[in-house]
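Below are the chains, spelled out letter by letter.
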Amino acid sequence: MQTTTLSFENLHNHGELFANLLRARRQSFIVQNNWDLPQAMGMEYDQYDTPASRWVAVHEFGRILAGIRLTPTNTNCGIYSYMIRDAQRGLLDSIPQDLLYDEAPVSEHIWESSRVFVAHDTPQRIRNVVHGMLISEMTKSARELGATQVLGLIPAAWPRFAKRLRLDAEAAGRVMHIDGVDNQVVNINLTTKLH
């Protein structure tokens with residue numbers, strides 16, 4: 001197993017990896033979760049898959065085991081910025097506007113994580129390892145991009161994995177029931193990982 005952080009600058013070095021990641025996202029979010037999301041050619045995508053974003057993949061022999069997208073909070077594409085902020089601004093019907101305790105940040109040092117998944121067919125015996133590799137690569141990549149914080153809307157069971165992965169994380173919003181799952185915005189402080 002290996003991890004790769006993809007960007008528009010390096011996609012050409014990784015063959016089908018990015019397309020495979022979008023295919024795995026389609027399987028996870030559209031097929032498994034039954035979310036109504038844009039798709040084309042068997043791949044899921046949305047307005048946040050822009051050159052400003054990065055994509056972390058855990059993979060083995062081209063097969064995607066897990067993935068995550070990182071988007072800077074100071075980016076814009078038309079009327080959109082990043083998912084959490086756009087939800088707060090009322091641009092996304094599927095996420096409540098009151099998801100954050102405070103106003104959504106806009107900073108070159110804060111990145112958003114979204115589209116986090118471990119593929120449904122990743123064997124149970126390695127799921128924790130795969131998840132750990134995903135989060136480790138996400139924090140490493142975010143720090144290399146200059147981030148001191150990562151903001152994410154994730155399942156509300158996050159305290160368990162945050163402790164296991166030694167993440168300095170805290171709730172940034174209320175627990176919300178979305179698509180049958182309790183979710184919460186979490187802020188991960190990366191400055192404690194710098195030393």
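All figures in this text were calculated on a predicted structure; none of them were measured in a lab.

Some words on the pairing of strand 7 (residues 149-155)
Move 1: Counting buried residues in strand 7 gives 5 out of 7 residues, a clear majority hidden from the surface.
Move 2: Note that strand 6 (residues 110-118) and strand 7 share 4 bridges and pair parallel. Directly across from glutamate 112, in strand 7, lies its bridge partner leucine 151.
Move 3: Bridge count for strand 7 against strand 10 (residues 181-189) is 7 bridges, and the pairing is antiparallel. Note on strand 10: the bridge partner recorded for glutamine 149 is asparagine 189.

Some thoughts on helix 1 (residues 17-32)
Move 1: Look at helix 1: 21 Å from first C-alpha to last across 16 residues, which is about the 22 Å you get at 1.5 Å a residue.
Move 2: Along helix 1, the residues classified as buried are Leu17, Phe18, Ala19, Leu21, Leu22, Ala24, Arg25, Ser28, Phe29 and Ile30.
Move 3: Summarising the contacts, the buried residues of helix 1 are in contact with strand 1 (2-6), strand 2 (39-40), strand 3 (43-44), strand 4 (54-60), strand 5 (63-72) and strand 6.
Move 4: Just downstream of helix 1, asparagine 34 is the residue with a positive phi angle, here 60°.

Section: the packing of aromatic side chains
The geometry of an aromatic ring pair is captured by two quantities: the separation of the ring centres and the angle between the planes.
Move 1: All told, the structure shown has 5 aromatic pairs when counted by the stated rule.
Move 2: Between phenylalanine 29 and tryptophan 35, the ring centres sit 5.0 Å apart and the planes meet at 25°, which makes this aromatic pair stacked.
Move 3: For phenylalanine 29, a relative accessible area of 4% gives the class buried.
Move 4: An aromatic cluster is present here, built from Phe8, Phe18 and Trp55 joined pairwise through their rings.

So, the pattern of salt bridges
Move 1: Evaluated as defined, the whole model comprises 11 salt bridges.
Move 2: Here arginine 25 and aspartate 49 are joined by a salt bridge, their closest N and O atoms 2.7 Å apart. Pair noted here: arginine 25 is in helix 1 and aspartate 49 is in the loop between strand 3 and strand 4, with a separation of 24 residues, a long-range link.
Move 3: Overall, the relative accessible area of 2% leaves arginine 25 in the buried class.
Move 4: Between glutamate 44 and arginine 115 there is a salt bridge; the shortest N-O distance is 3.1 Å. Residue glutamate 44 is located in strand 3, and its partner arginine 115 is located in strand 6; the two are separated by 71 residues in the primary sequence. For the pair shown, glutamate 44 and arginine 115 are each scored as buried.
Move 5: Linked by salt bridges that have partners in common, Arg25, Glu44, Asp46, Asp49, Arg69 and Arg115 make up one network.

Some words on the nonpolar core
Move 1: In terms of nonpolar packing, the biggest core is built from 25 residues, with Leu70, Val130, Met138, Val150, Leu167 and Ile188 touching the most fellow members.
Move 2: For this core, the elements supplying multiple residues, two or more each, are strand 4, strand 5, strand 6, helix 3 (127-144), strand 7, helix 4 (158-164) and strand 10.
Move 3: Here the element with the most residues in this core is helix 3; it accounts for 5 residues.
Move 4: Setting aside chain neighbours within four positions, we find valine 150 in contact with Leu70, Trp111, Glu112, Ser113, Met138, Ala142, Val186, Asn187, Ile188 and Leu190.

About the cut-offs
Residues numbered from 1 in each chain as written. Predicted model: local features only at pLDDT ≥ 70, side-chain atom pairs only at ≥ 80, totals over all residues. Heavy atoms only, no water. Buried < 20%, exposed > 50% of the residue type's maximum accessible area, 1.4 Å probe, protein only. Helix = DSSP H or I, 4+ residues; strand = E, 2+ residues; numbered from the N terminus. Pairing = 2+ DSSP bridges. Expected span 1.5 Å × (residues − 1). Contact = heavy atoms within 4.5 Å. Phe/Tyr/Trp six-rings, centres within 6.5 Å; stacked < 30°, edge-to-face > 60°. Salt bridge = Lys/Arg side-chain N within 4 Å of Asp/Glu carboxyl O. Core = buried A, V, L, I, M, F, W, Y, C linked by side-chain atoms within 4.5 Å.

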